[in-house]
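Here is what each chain is made of, one letter per residue.
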There are 2 protein chains.
Amino acid sequence: MTLTELRYIVAVAETRHFGHAAERCHVSQPSLSASVKNLEEELGVTLFERGKRGVFLTEAGAQIVAQARRTLEEAERVKTVARQGRDPLKGVLRLGIIHTIAPYLLPQLVAALRRDAPEMPLDVEENTTANLDRMLKAGELEAVILALPYGGPGIETVPLYEEKFRAVAPAKHALARKKSVAVEELDAGELLLLPVGHCFRDQVLDACNEFSRPPEAGRQGNSLETLRSMVASGLGISVLPATALTARHVSPLVKSIEFSAPCPVRRVALASRRGFHRPAALEKLVGAVRELDLPVTAL
Amino acid sequence: MTLTELRYIVAVAETRHFGHAAERCHVSQPSLSASVKNLEEELGVTLFERGKRGVFLTEAGAQIVAQARRTLEEAERVKTVARQGRDPLKGVLRLGIIHTIAPYLLPQLVAALRRDAPEMPLDVEENTTANLDRMLKAGELEAVILALPYGGPGIETVPLYEEKFRAVAPAKHALARKKSVAVEELDAGELLLLPVGHCFRDQVLDACNEFSRPPEAGRQGNSLETLRSMVASGLGISVLPATALTARHVSPLVKSIEFSAPCPVRRVALASRRGFHRPAALEKLVGAVRELDLPVTAL
DNA sequence: TGAGGGTCATAGGAAAGGGCTATCGAGCCT
DNA sequence: AGGCTCGATAGCCCTTTCCTATGACCCTCA
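An account of the accompanying structure is given in this report.

**What to know about the protein's contact with DNA strand D**
For DNA strand D, the set of nearby residues contains 21 residues, the closest of which are Ser28(A), Ser31(A), Lys37(B), Arg50(B) and Gly154(B). The contact in question runs from a phosphate oxygen of DNA strand D to an N or O atom on the backbone of Gly19(B), over 3.3 Å.

**Some words on the protein's contact with DNA strand C**
Around DNA strand C sit 22 residues, and of these Lys37(A), Arg50(A), Gly154(A), Tyr8(B) and Ser28(B) come closest. Sugar plus phosphate, as a fraction of atoms of DNA strand C within 4 Å of the protein: 69%. Taking Phe18(A), its main chain carries an N or O atom lying 3.3 Å from a phosphate oxygen of DNA strand C. Taking Gln29(A), its side chain carries an N or O atom lying 3.1 Å from a base nitrogen of DNA strand C. When residues in the surface near DNA strand C are grouped by element, the largest group, 4 residues, is from helix 3 (residues 29-43) of chain A. A per-class count over the surface near DNA strand C returns 7 nonpolar, 10 polar and 5 charged.

**Things to note about unusual backbone geometry**
What is expected of a backbone is that most residues other than glycine have negative phi and most peptide bonds are trans. Looking along the chain, the bond that leaves Leu148(B) and enters Pro149(B) is cis, with omega of 5°. For Pro149(B), the location among the structural elements is in the loop between strand 5 (143-147) and strand 6 (155-170). Look at the link from Ala261(B) to Pro262(B): it is a cis peptide, with omega at 0°. With respect to the helices and strands, the residue Pro262(B) is situated in the loop between strand 10 (254-259) and strand 11 (265-273). The residue His26(A) is not glycine, and still its phi comes out positive at about 60°.

**Some thoughts on the pattern of salt bridges**
Here the idea is simple: oppositely charged side chains can pair when their charged atoms come close. Tallied over the entire structure, the rule returns 29 salt bridges over all chains. Between Glu73(B) and Arg77(B) there is a salt bridge, with its nearest N and O atoms 3.8 Å apart. Taken together, the residues Glu73(B) and Arg77(B), both in helix 4 (residues 59-84) and 4 residues apart, mark about one turn of the helix. Owing to a relative accessible area of 45%, Glu73(B) belongs among the partly exposed residues under this scheme. By relative accessible area, Arg77(B) is classed as partly exposed at 39%. Overlapping salt bridges, with partners in common, bring together Glu14(A), Arg24(A) and Arg69(A) in one network.

**As for the interface of chain A and chain B**
Across the contact, 45 residues belong to chain A and 45 residues belong to chain B. Of the roughly 3900 Å² buried between chain A and chain B, counting both surfaces, carbon and sulfur atoms make up 62%. Of all residues in chain A, Glu49(A), Arg53(A) and Val78(A) bury the most surface against chain B, accounting for 16% of the area lost on that side. There are 2 salt bridges connecting chain A and chain B. With a closest N to O distance of 2.6 Å, Glu49(B) and Arg273(A) form a salt bridge. At the surface where chain A touches chain B, the tally comes to 8 residue pairs in polar contact (both at pLDDT 80 or more). Listing elements by their share of the side of chain A that touches chain B, those giving two or more residues are helix 1 (3-15), helix 3, strand 2 (54-57) and helix 4 (59-85) of chain A. It is helix 4 of chain A that contributes the most residues to the side of chain A that touches chain B, 16 residues altogether. Counted by class, the side of chain A that touches chain B contains 18 nonpolar, 12 polar and 15 charged residues.

**Observations concerning the pairing of strand 5 (residues 143-147) of chain A**
All names here are of chain A. Taking burial as the measure, the 5 residues of strand 5 include 5 buried ones, the bulk of the element. Residues Ala143, Ile145 and Ala147 of strand 5 are buried on one face, and the alternating residues Val144 and Leu146, pointing to the opposite face, are buried as well. With 3 bridges joining them, strand 3 (residues 93-98) and strand 5 adopt parallel strand pairing. In the sheet register, Ile97 faces strand 5, and the bridge partner there is Ile145. As judged from the 5 bridges shared by strand 5 and strand 11 (residues 265-273), these two strands associate in the antiparallel manner. Of the residues in strand 11, the one forming a bridge with Leu146 is Ala269.

**A closer look at the nonpolar core**
Ranked by size, the top nonpolar core spans 59 residues in total, and within it Ile9(A), Phe48(A) and Ile9(B) carry the most contacts. Every residue in contact with Ile9(B), bar those within four places of it in the chain, is listed here: Val36(B), Leu39(B), Leu47(B), Phe48(B), Ile64(B), Val65(B) and Ala68(B).

**Re the packing of aromatic side chains**
Tallied over the full model, the rule gives 4 aromatic pairs over all chains. A ring pair is formed by Phe18(B) and Phe48(B), whose centres lie 6.2 Å apart and whose planes are at 80°; its orientation type is edge-to-face. Placement of the pair is Phe18(B) in helix 2 (residues 18-24) and Phe48(B) in strand 1 (residues 48-51), with a sequence separation of 30 residues. In terms of burial, Phe18(B) and Phe48(B) fall into one category: buried. Ring plane angle 70° and centroid distance 5.0 Å describe the contact between Phe165(B) and Phe200(B), whose orientation is recorded as edge-to-face. With Phe165(B) in strand 6 and Phe200(B) in helix 7 (residues 199-207), this pair connects stretches of sequence that are 35 residues apart. Residue class for Phe165(B) comes out buried when judged on its relative accessible area of 1%. Directly above the aromatic system of Phe56(B) lies the positively charged group of Arg273(A), at a separation of 4.4 Å from the ring centroid.

About the cut-offs
- Residues numbered from 1 in each chain as written.
- Chains lettered and ligands numbered in written order.
- Predicted model: local features only at pLDDT ≥ 70, side-chain atom pairs only at ≥ 80, totals over all residues.
- Heavy atoms only, no water.
- Near = heavy atom within 4 Å.
- Polar contact = N/O pair within 3.5 Å; in protein donor to acceptor, adjacent residues only side chain to side chain.
- Helix = DSSP H or I, 4+ residues; strand = E, 2+ residues; numbered from the N terminus.
- Nonpolar A, V, L, I, M, F, W, Y, C, P; charged D, E, K, R; others polar.
- Salt bridge = Lys/Arg side-chain N within 4 Å of Asp/Glu carboxyl O.
- Buried < 20%, exposed > 50% of the residue type's maximum accessible area, 1.4 Å probe, protein only.
- Contact = heavy atoms within 4.5 Å.
- Buried area = accessible area lost by both parts, 1.4 Å probe.
- Pairing = 2+ DSSP bridges.
- Core = buried A, V, L, I, M, F, W, Y, C linked by side-chain atoms within 4.5 Å.
- Phe/Tyr/Trp six-rings, centres within 6.5 Å; stacked < 30°, edge-to-face > 60°.
- Lys NZ or Arg CZ within 6 Å of the ring centre and 35° of its normal.

Written out as structure tokens, the structure reads:
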């Protein structure tokens, strides 16, 4: 049974004439006759009564033709769906973003994309690098925004921007009065960090590699905003990325102090699988990020 | 786009592996690859992302595969419908019967068929010979039970039975006391007939061809039962076929008198289009009629 | 009644589509 | 670097499908 055969029997049913049906289907009458007969034999049912008075649908034929119409309709919809899906800027883009970037990038990014690529909504997964890596490789995500270094076989990355880290301390803390601070000056005992698993935690520890041991338990917050609150409450000091310290995030209780050179930074990139089929979607995403008003250095 | 191609992409989507999908579809991997590629080109959409990490469905691919599944489902139903329609004794039989036969044949016929061919319900059209002829030739009916002579190009008839005509008169009418009557004895002025268009009217007039002119207006009834009532009311005499005069139709007010030889008769037949695709259904119908307990002579 | 026209089926050969085997090439892994 | 996995490509073959020509049948009309 083929879609062509189904088209043929629908045409015969509608024209009640093999010749006219053949014409409509742009084939010769013998071809159409043979196809119809072939289908009748495969189905084991006589679909049409061929009489000198004309062609009539049999009882079974009527039901089968009706079902054939439904089938052809669904088949047509395959093409319709394909047409709609042809535009790479159309259709959901499944994007992963790590916890320490998402809250500070997403609001502006979503707004920008809604303007530049209105038919490409984002399906955002906020998670840790390890989980996003797994999901990207498993095909559950099309792209991931995370901190470098990141890569591996089959993965392509596009650097987006580099952002500086800044120290944050309670307004009344001695540090708060300084204009800048060297990483070595930070007191490991006071430092508040994200839990294990967050790459930002490792980056901070890396930058301040003078800290021989991680801070004791109780000196952790589950998100950068939690850390900020903890600092505001005077529980200690911490380090945040610049994007978490824009005007919209300021608090009178927390002062941020820039690091003296060499200032620790992190590089943020967009990662995707090599050979991803919608490069245009990625380019749009990269372009949108680069045009955002962020306290970062473009790469 | 072919159903085979749709089957292939569904298999690839489910296995996420061209080789395994090919195995499932009982084709070689290159054949399947080529078909998938072919479909992708026809649709203008990349359905699968082929990476070394595996095969992933694209956004558009997911939608298209879902639609392909629906299409294949509908296609499967074509076969299901065909299976159900394969039995010639299954499915409605559209049967026409003339007005002067239907009321006396149908009740018993329907009962018999419900027993012998329970999956072949009758869709009965009661009408005049002229209308039934048109409907049969137009394919709106599969068979017609009517009085001979009937036929023509493309039409086949099977004689069913022959039934005698009988005169009917009010119980107090002089005729009612006779044991038999010759057609010539009937009084044309008293005779009640069906309206023009009923073949039975013509048959009665034919049999009693001594009547030079049809009876005047007002001496007509729209059905045999109306004629019987009119006779019962003493409005005149009439002629009815034997099947309208069985025990279940007797009335104390109406007497029926048989005709002396040569007794006028009508021959009832089953007509169908030559080449009708369900001869078994017709045979069943003929058999059922012949086994009925009717006051007729089988043919 | 016999010629003509209409309609679907059959026959035979050509073109194309789809299948197979063998092989390639890219990329991963050891 | 070499082996392995996996999808793509190449080249060939065969089945399927299509076309033209013709046949069979039957209705119609002179």
